[in-house]
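# Fold and geometry: a report
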Amino acid sequence: MEVKIGVQHAPREIVLESTQTAEEVESAVAKALEGTSKLFTLTDEHGRRVIVPAERLAYVEIGEQTVRKVGFGNL
């Protein structure tokens with residue numbers, strides 16, 4: 001699923017495709033915002049981790065689950 005992260009004082013947002021569920025992403029955001037975790041961490045589909053300090057989060061947009069189609073279909 002596509003996740004967009006807005007960071008304070010940064011000109012661009014961070015966009016990544018994550019294999020985590022919407023509930024897992026939402027839980028990580030909640031932990032970061034309530035102070036349980038000082039870092040907001042997500043892993044993309046290639047295994048790379050994105051780490052943002054919790055106090056710098058501006059917003060997190062969670063997209064819909066993407067379904068990849070295999071093969072050739074009718075256009």
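Here, the structure is the one placed above.
These lines cover the structure that appears in this document, whether it is placed above or below. (Residues numbered from 1 in each chain as written. Predicted model: local features only at pLDDT ≥ 70, side-chain atom pairs only at ≥ 80, totals over all residues. Heavy atoms only, no water.)

Side-chain direction in a regular strand flips from residue to residue, so the side chains alternate between the two faces of the sheet. Here four bridges tie strand 1 (residues 2-7) to strand 2 (residues 14-17), and the two strands are oriented antiparallel to one another. Bridge pairing in strand 2 links Ile 5 to Ile 14. In this antiparallel pair of consecutive strands, strand 1 and strand 2, the connection spans six residues, and His 9 shows a positive phi of 65°. (Pairing = 2+ DSSP bridges. Helix = DSSP H or I, 4+ residues; strand = E, 2+ residues; numbered from the N terminus.)

Right, let's talk about the nonpolar core for a bit. Val 3, Ile 5, Phe 40, Leu 42, Val 52 and Leu 57 are the most contacted members of the largest nonpolar core, which has 15 residues in total. At the level of secondary structure, the elements contributing two or more residues to this core comprise strand 1, helix 1 (22-34), strand 3 (39-43) and strand 4 (49-53). Here this core takes four residues from helix 1, the largest share from any one element. When near neighbours in sequence (up to four residues on either side) are disregarded, Leu 42 contacts Val 3, Ile 5, Gln 20, Val 25, Arg 48, Arg 49 and Val 50. (Core = buried A, V, L, I, M, F, W, Y, C linked by side-chain atoms within 4.5 Å. Buried < 20%, exposed > 50% of the residue type's maximum accessible area, 1.4 Å probe, protein only. Contact = heavy atoms within 4.5 Å.)

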